[in-house]
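Each chain, letter by letter, is given below.
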Amino acid sequence: MPEAEAPKPFAKGALVNERYELLELVETDDSISVWEAVDRQTNEKVAIKTLETASLDPTQVVEAKERFLREGKVCRLMKHEHIDRVFAVGGADAAPYLVMEWHEGTPLDRSLQEKKTLPVGHALVVALKVARALTYAHGLRIYHRDLKPHNILFQEDGGVKITNFGLAKKLDDAMGGGVLTRPGKILGTLGYLAPEYIERGQISSASDLYSLGVVMYEMLTGELPFQGKTPLDFMRAQFRGTPELPSRKNPDVSATLDAVVLKCLSKAPKSRYASGSELLHDLGSAASLKEAPVEEDKVRLAGVYYQQALEAFSKSDNWACIQLCTAATRTDSKRADFYVLLGRAQGRISKWRRKAVTSLERAVAMDDTMEEAWVELARTYAEQGMKRAAIKKLNEFLNRQPEAKQAAALLKKITKKG
């Protein structure tokens, strides 16, 4: 009898990484496929997003793989109730894949096809949840770049998830090498893209908020704010035209909400909201929400990043810890403990050990009574061969706080080694 044909890397019944069993192919878009799968270790459903390189030009394969894996690793940082989770990244030497949350639900575009519009209250709830998710992602310097109704999922329990951050772009890429999108190469759906992105490939929080403005306009009116029979016609309308007020197409839309949507759709990025947090505030006003806070509190958000950084540090995921701590310090620069954790994570990576000293020195300068900061700084000095500097720092702190046990123990240890 002939031998059975070996299963393809991604085919129904195949086992990925000896762990994830592929059940059904649920979506294919260009070179990206999404599979329903089951994690044999946990018996939970997951989604496997794969890069199908067979459809790519051979000269693009290496770049496409690198970009897919890099952006998967960046997206793995995000843990937010309204953002699709990436659990793992794999297949670097073969067919790359991401292991993601599995969702049961309906994309917003399907709801709009059936109903044309959403009730104003429902549209506001969706916009608020998406704005919160974008505020969180933007704090990590992660931008969606392809926000549209197809990538907003209504879950069966009433939740909302932003999906397909796979086109995300991280501008401050600490992994090195920059983002792999070539200048002038536009990824996304034209009707939802900001003018500066179409024209110059410029991406920022403002461009994502523009896309959300288009989505809000469509939820409220059943139409896009700009129309055109061809891409060129559309771009002319977008660059030169002024959208009609949503309230003229939907009398339930208030003047306040009109102003919010049109501000999101401003031509110039600087004329839009400076952040998702500012947008949240005005959306709350438009919704007449009485429960505070509506605006995303920076102190609270920084605390979220910090707690997630602690979790990453405990798992020795030092790169993730550094990115999350950096987001925390950008959001709230007054917390010395953020810089202590940042320095500890940087100290674990040889190429970032000098940065660790800078972070810990900043923590000491911010709070000169914080024993943990002084001890970590001295330990980092000692590990880098700067024993005298370590002893000096410890003696300086002990002269202030002679009962500091950790500092005294470290000083004794360093002196004994000498």
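Bear in mind the structure is a predicted one, so any value in this text is a computation, not a measurement.

A.B. asks: Mind laying out the sheet that holds strand 10 (residues 160–162), listing which residues take part and the relevant values?
C.D. replies: Here three strands make up an open sheet; going across it, the order is 7-9-10 and the pairing antiparallel. Both edges of this open sheet fall to strand 7 (105–107) and strand 10, since each of them pairs with a single strand only. Strand-to-strand, the axes of this sheet are offset by a mean angle of 30 degrees, without reference to chain direction. Strand direction decides the pairing type here: strand 7 and strand 9 (residues 152–155), joined by three bridges, are antiparallel. Across the sheet, residue Gly105 finds its bridge partner in strand 9, namely Gln155. Sitting on the sheet, helix 2 (residues 108–115) touches strand 7 and strand 9, and the angle it makes with strand 7 is about 75 degrees.

A.B. asks: Talk me through the packing of aromatic side chains; I want residue IDs and the actual numbers.
C.D. replies: Per the stated rule, a full pass over the model turns up four aromatic pairs. Their ring planes at 35 degrees and their centres at 4.9 Å tell us that Tyr306 and Phe338 sit as a pair that is tilted. Here Tyr306, found in helix 10 (residues 298–314), pairs with Phe338, found in helix 12 (residues 336–347); they are 32 residues apart in sequence, far enough to count as distant. A single burial state applies to Tyr306 and to Phe338, both of which are buried. Just above the ring of Trp319 sits the side chain of Lys73; from NZ or CZ to the centre is 5.0 Å. Geometry around Tyr273 places Lys263 over its ring, the cationic atom sitting 4.4 Å from the centre.

A.B. asks: So what's going on with the sheet that holds strand 6 (residues 97–101)? Which residues, and what values?
C.D. replies: Consider a sheet: its strands pair through backbone hydrogen bonds, and that pairing is either parallel or antiparallel. Across the sheet, six strands lie side by side as 1-2-3-4-6-5; this open sheet has antiparallel pairing. Two strands in the sheet have a free side with no partner beyond their single neighbour: strand 1 (15–16) and strand 5 (86–90). By the bridge criterion, two bridges tie strand 1 to strand 2 (residues 20–29) in an arrangement that is antiparallel. Counted as the bridge partner of Val16 is Tyr20 from strand 2. Most of the contacts of helix 1 (residues 61–75) go to strand 5, to which it runs at about 150 degrees, and overall it touches strand 3 (32–39), strand 4 (44–51), strand 5 and strand 6.

How each quantity is defined
- Residues numbered from 1 in each chain as written.
- Predicted model: local features only at pLDDT ≥ 70, side-chain atom pairs only at ≥ 80, totals over all residues.
- Heavy atoms only, no water.
- Pairing = 2+ DSSP bridges.
- Helix = DSSP H or I, 4+ residues; strand = E, 2+ residues; numbered from the N terminus.
- Axes fitted to C-alpha atoms, helices over the stretch in contact; angles between N-to-C directions.
- Contact = heavy atoms within 4.5 Å.
- Phe/Tyr/Trp six-rings, centres within 6.5 Å; stacked < 30°, edge-to-face > 60°.
- Buried < 20%, exposed > 50% of the residue type's maximum accessible area, 1.4 Å probe, protein only.
- Lys NZ or Arg CZ within 6 Å of the ring centre and 35° of its normal.

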